[in-house]
Amino acid sequence: MMKGKLEPSERLKFIEKVLNHSASGKNLKEALASFEEDLVKLSDELQQEAQSIPNMTHPDVPIGGEDSSAVRKKVGSPREFSFSVKDHLQLGKELDLFDFDAAAEVSGSKFYYLKNEAVLLEMALVNWTLSQVMQKGFTPLITPEIVRSSIVEKCGFQPRGDNTQAYSIEGSDQCLIGTAEIPVGGVHMDSILAETVLPLKYAAFSHCFRTEAGAAGLATRGLYRVHQFSKVEMFVLCRPDESDTYHEELITIEEDLFSSLGLHYKTLDMASEDLGAPAYRKFDVEAWMPGLGRYGEWQISSASNCTDYQSRRLGIRYRPAELAASKFVHTLNATACAVPRMMICLLENNQQEDGSVIIPEPLRPFMGGMEVILPKHHTG
């Protein structure tokens, strides 16, 4: 505290000092604001760089391209036909199950209408699949089909860009989902789970939307590569030491589903270059397609262990009972039923010489007891 009156010269010095201090404080504030802007920009750049780094790979993953993938098992053998085999497009036409032409006019290429028994077959596949996986402890979900682009990124997918599979909604930060894995991954975002609730197992039904960028020249006719389809997706959140075990459980569930429907398929341990960014290890199931006379180029199903790749980005942790510090969960996903490809398999593998298609027994109760799809008309 100052006592007495200052001399005029001293008073001027004091005022100048106060003013200088005030100016430097203002300069500091401005500099700090500038640094904070730089920090946000650099954090965004760091995040973008970090997101371009893929997950680690399991020691047993085959190294190399798709041709290096290892066959884990083969189930069944190709059915031998005593008559000329039709592909799903011809069967669909004669059985009046699809309309690609009207869909092309209404929506564009790679869209379709399902008709007649194909509608019942989709509903049966979805309901039968859900009933089966619910018996394995999975909680059924129907998810939002529009999500924020940031969730797509955090799950390890590219929401925008030339090769994106995602449809973006103009004038918003939202996308249509390409798989229910994305909205299910977001359910527990930014949360710390009690260890006692793990594992969390979900079976999510959704429609999926994909641009199919870069798909030209592949097996794309008919239902092979479409922009919209229905799917049941399994998703597991578990402790890190349990993810390999749940990966085996998921592929076993898939194999049991396909075996129940009488399909001939092989399971592959996918090579390192064919994993995609989030997957630590991925098993694919490829089914025999009589219309192609070979296994389909595209899997009917896959099961991926993403370890903590997604949970770190989504902020999903759990608190171990014996420790105070929280840890990241591991996430896994697997296709229980991608409807169009399952429909191709069932129609082509179960076709009869008279043009009819036998419905697999497990699906019959879900189709009102229907046993066979009969031709609507006979071509001469």
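Quick notes on the rules
- Residues numbered from 1 in each chain as written.
- Predicted model: local features only at pLDDT ≥ 70, side-chain atom pairs only at ≥ 80, totals over all residues.
- Heavy atoms only, no water.
- Core = buried A, V, L, I, M, F, W, Y, C linked by side-chain atoms within 4.5 Å.
- Buried < 20%, exposed > 50% of the residue type's maximum accessible area, 1.4 Å probe, protein only.
- Helix = DSSP H or I, 4+ residues; strand = E, 2+ residues; numbered from the N terminus.
- Contact = heavy atoms within 4.5 Å.
- Pairing = 2+ DSSP bridges.
- Disulfide = S-S within 2.5 Å.
- UniProt positions renumbered as here; feature names shortened; annotations may be inferred.
- Polar contact = N/O pair within 3.5 Å; in protein donor to acceptor, adjacent residues only side chain to side chain.

Points about the nonpolar core
Most often, soluble globular proteins keep nonpolar side chains buried together rather than apart.
Then comes step 1: Among the nonpolar cores identified, the biggest contains 56 residues, and Leu125, Leu263 and Ile300 are the most heavily contacted of them.
Then comes step 2: Secondary-structure elements contributing two or more residues to this core are α4 (117-134), β8 (200-209), β9 (228-238), α7 (243-260), β11 (281-289), β16 (330-338) and α9 (339-349).
Then comes step 3: Here the element with the most residues in this core is α4; it accounts for 8 residues.
Then comes step 4: Beyond its immediate sequence surroundings of up to four residues, Ile300 is in contact with Phe258, Leu263, Val285, Ala287, Met289, Thr335, Ala338, Arg341, Met342 and Cys345.

Things to note about the sheet that holds strand β14 (residues 316-319)
Then comes step 1: Overall, mixed pairing links the 3 strands, which are arranged β7-β14-β15 in an open sheet. The outermost strands of the open sheet, each flanked by one partner alone, are β7 (191-194) and β15 (327-328).
Then comes step 2: Pairing geometry for β7 and β14, over 4 bridges, is parallel. Residue pairing for β14: Leu193 is matched across the bridge by Tyr318.

Comments concerning the state of the cysteines
Then comes step 1: Per the stated rule, a full pass over the model turns up 0 disulfides.
Then comes step 2: Considering cysteine sulfurs only, Cys306 is the nearest to Cys155, which forms no disulfide, with 8.8 Å between them.

Quick notes on the UniProt feature "binding site: L-serine" (unreviewed entry) in the protein chain
Then comes step 1: Following the UniProt record, the feature "binding site: L-serine" (unreviewed entry) maps to Thr179, Arg210, Glu233 and Asn333 here.
Then comes step 2: Tracing the backbone shows Thr179 in the loop between β6 (174-176) and α6 (181-186).
Then comes step 3: Of the residues examined, Thr179 reaches a relative accessible area of 6% and is grouped as buried.
Then comes step 4: Setting aside residues no more than four positions away along its own chain, Thr179 makes contact with Phe157, Cys208, Arg210, Lys231 and Glu233.
Then comes step 5: Its location among the elements puts Arg210 in the loop between β8 and β9.
Then comes step 6: In this view, Arg210 contacts Gln165, Tyr167, Gly178, Thr179, Val226, His227, Phe229 and Lys231; residues no more than four positions away in its chain are not counted.
Then comes step 7: Polar contacts involving the side chain of Arg210 include one to the main-chain carbonyl oxygen of Gly178, which spans 2.8 Å.

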